[in-house]
Amino acid sequence: MTNFGWTSAIYLLLIVCVVGAASSNAQTFTTLVNFNIVNGSSPYASLVQGTDGSFYGTTTYGGPTSCESPNGCGTVFRVTPGGTLTTLHKFCRQTNCADGANPQGTLVLAVNGNFYGTTSGGGANSGGTIFKITTRGALTTLYSFCAQTNCADGSSPRSLTLGTDGSLYGTTVFGGADASCYLCGTVFKMTPSGQLTTLHSFDGTDGASPRSLIQGSDGNFYGTTYGDDATNCEETGVNCGTVFKMTPAGVLTTLHAFSYIDGAGPIGALVESKTGNFSGTANYGGTVLDVCDVGCGTIFKVTSTGKFTSLQNFSWGNGSIPFAGLILATDGNYYGTTSSGAPSGNGNIYEVGSGRGIDSLYAFEDSYFSIAGLLQATNGTFYGSTAGDGNTSFGTIFSENTGLGPFIAFVSPAGSVGKKAQILGQGLTGTTSVTFNGVPATSFTVVADTYMTAVVPNGATTGKVVVTTPSGTLTSNVNFRIIK
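The following paragraphs examine the structure supplied in this document. (Residues numbered from 1 in each chain as written. Predicted model: local features only at pLDDT ≥ 70, side-chain atom pairs only at ≥ 80, totals over all residues. Heavy atoms only, no water.)

### Some thoughts on the nonpolar core
Here comes step 1: Counting 25 residues, the largest nonpolar core has Val 243, Phe 258, Leu 270 and Tyr 284 as the members making the most contacts within it.
Here comes step 2: Taken together, the elements giving at least two residues each to this core come down to β16 (221-227), β20 (278-282) and β21 (298-302).
Here comes step 3: Among residues more than four places away in sequence, those in contact with Leu 270 are Ser 212, Ile 214, Tyr 222, Gly 223, Thr 224, Val 243, Phe 278, Ser 279, Gly 280 and Phe 300.
Here comes step 4: Counting 19 residues, the second-largest nonpolar core is a separate cluster that includes Tyr 56, Cys 67, Cys 97 and Leu 424. (Core = buried A, V, L, I, M, F, W, Y, C linked by side-chain atoms within 4.5 Å. Buried < 20%, exposed > 50% of the residue type's maximum accessible area, 1.4 Å probe, protein only. Helix = DSSP H or I, 4+ residues; strand = E, 2+ residues; numbered from the N terminus. Contact = heavy atoms within 4.5 Å.)

What follows is the structure in structure tokens.
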């Protein structure tokens, strides 16, 4: 029932550990939560900020002891910026794990205020699920995979992303239309009510086992596959993988096939730059050292037309095996985590700026290795998780404050004139104005100190949104795109 893939292998390989760390004077690293298996174990997915200012996430293991997995079947949780953890749901509470088991993907906040997520196992057909959960923990299973013969609809879903049309798009690691390629996977679309459409089934020649998916500012979707049929990685013992572009209708174009020298086995999500390019990480490939016999991993960028550039090689001392993708922070630099190396062997938090190499900001000690990516919350601080820790080896949630200031973010960074934009922030009470690229909002409503809405005005163009509060102005971290 439960899928034990690369995550379980890494968990078993690295579970020998205890925390610590060194931080510079300009940074403050804080462990907020230590998981104890009862409240969860092994948070593999990134956190997401809710309208209440808290963070929401999943653990892949932990939870009910009655679960068929000896390590538990996972949880959904909420944690405040101060570190108060609330378990919202423990999976496999229903007969035969009908509610799903072992979530590995990041939750998605939708415009209705609910969160959507996936489980890699469980469900009515033991192929994983898509679920909806409220901030109070009421969970509804919307779709159970492997509902079709030979799992033609996919199996073991991972990522979800909210499309500008209000539907959810995502990937499954296994299954698909080609029954001879169960490890190939799919890309799908699902309406908020649970109607699923398979947009693309991989067959190996165009990639296999897709992990990540985002929607670009051009309306197309961009993602990575962990494997492919390429022969240039056969001797290394790892998968090469691809970067792809897909239209909302499902027309797929392979933008780049990795060759090991430029990276191999990408898993983390891509991130779009201000210029419309996409950057990401590859787990393996690049620099080969005795301690990185399959390569330490790389950082790359690719354009929407497929022009590929290898930017950085990890080299153990600055990190190794970056399972997580990059995020673009408000200072214009990229941040991420690695699962090993740098220099204790247990991974790090790193920064990559324009024109310079990889700077290690914080080196995890003992077993504090990280698989999940970072979240920059609207208070400016970074939040993340580790899959192990020095107390219990069940994982942690941490914050890393580098001194960056507050800003505003969006539930969806795109909208039409006359529609409401949903804004996340803090200190929003008493807001006196909201502008869309300089044009005042038609109207706005402060719902809470951490959440407000604003009606997109006539004449608004794509650009920054600025909110004026009693404490000063807050500017959006990305452009708000005007959809015609």
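### Side note on the state of the cysteines
Here comes step 1: According to the stated counting rule, one finds four disulfides in the structure shown.
Here comes step 2: The side chain of Cys 146 participates in a disulfide bridge whose partner is Cys 151; the two sulfur atoms lie 1.9 Å from each other. One quick way to see it: the torsion about the S-S bond of Cys 146 and Cys 151 is about 100°, and its sign makes the bridge right-handed. Both residues of the pair, Cys 146 and Cys 151, belong to the buried class.
Here comes step 3: One disulfide bridge connects Cys 181 with Cys 184, the sulfur atoms lying 1.6 Å from each other. Disulfide Cys 181 to Cys 184: torsion about the S-S bond roughly 65°, handedness right-handed.
Here comes step 4: The buried category is assigned to Cys 184, whose relative accessible area is 0%. (Disulfide = S-S within 2.5 Å.)

### Section: the pairing of strand β36 (residues 451-455)
Here comes step 1: Taken across its five residues, β36 has five buried, putting it largely inside the fold.
Here comes step 2: Side chains of β36 alternate between two faces, with Tyr 451, Thr 453 and Val 455 and Met 452 and Ala 454 buried alike.
Here comes step 3: Relative to β36, strand β32 (residues 420-424) is paired through five bridges, and the arrangement is antiparallel. If you follow Leu 424 over to β36, its bridge partner there is Tyr 451.
Here comes step 4: Taken together, the four bridges between strand β35 (residues 444-448) and β36 define a ladder with antiparallel strand orientation. Bridge pairing links Ala 448 to Tyr 451 in β36. (Pairing = 2+ DSSP bridges.)

### Focus on the sheet that holds strand β19 (residues 271-272)
Here comes step 1: The antiparallel open sheet is built from four strands, whose spatial order is β19-β20-β21-β22. The outermost strands of the open sheet, each flanked by one partner alone, are β19 and β22 (308-313).

### What about the pairing of strand β29 (residues 396-401)?
Sheet faces and side chains relate simply in a regular strand, where the side chains alternate between the two faces.
Here comes step 1: Extensive coverage of β29 is indicated by the burial of five of its six residues.
Here comes step 2: When strand β28 (residues 382-386) meets β29, the two strands line up antiparallel, connected through five bridges. Note on β29: the bridge partner recorded for Ser 385 is Ile 397.

### Describing the packing of aromatic side chains
Here comes step 1: Applying the stated criterion across every chain yields a total of 24 aromatic pairs.
Here comes step 2: Taking the centre distance of 4.2 Å and the plane angle of 35° together, the rings of Tyr 169 and Phe 221 count as tilted. Taken together, the residues span a long stretch of sequence, with Tyr 169 in strand β12 (residues 168-174) and Phe 221 in strand β16 at a distance of 52 residues.
Here comes step 3: Judged by relative accessible area, which is 2%, Tyr 169 ranks as buried.
Here comes step 4: On the basis of an interplanar angle of 15° and a centroid distance of 5.6 Å, the ring pair of Phe 174 and Tyr 182 is categorised as stacked.
Here comes step 5: The class for Tyr 182 is partly exposed, based on a relative accessible area of 38%.
Here comes step 6: One aromatic cluster is present, built from ring pairs that chain together Phe 29, Tyr 362, Phe 364, Tyr 368 and Phe 398.
Here comes step 7: A cation over a ring is seen here: Arg 211 above Tyr 226, with NZ or CZ 4.9 Å from the ring centre. (Phe/Tyr/Trp six-rings, centres within 6.5 Å; stacked < 30°, edge-to-face > 60°. Lys NZ or Arg CZ within 6 Å of the ring centre and 35° of its normal.)

### Quick word on unusual backbone geometry
Here comes step 1: Within the chain, Ser 42 stands out as a residue other than glycine whose phi angle is a positive 65°.
Here comes step 2: Relative to the helices and strands, Ser 42 resides in the loop between β2 (28-34) and β3 (48-49).
Here comes step 3: Here Tyr 260, not a glycine, exhibits a phi torsion of approximately 80°, which is positive.
Here comes step 4: As for its position among the elements, Tyr 260 is in the loop between β18 (252-257) and β19.

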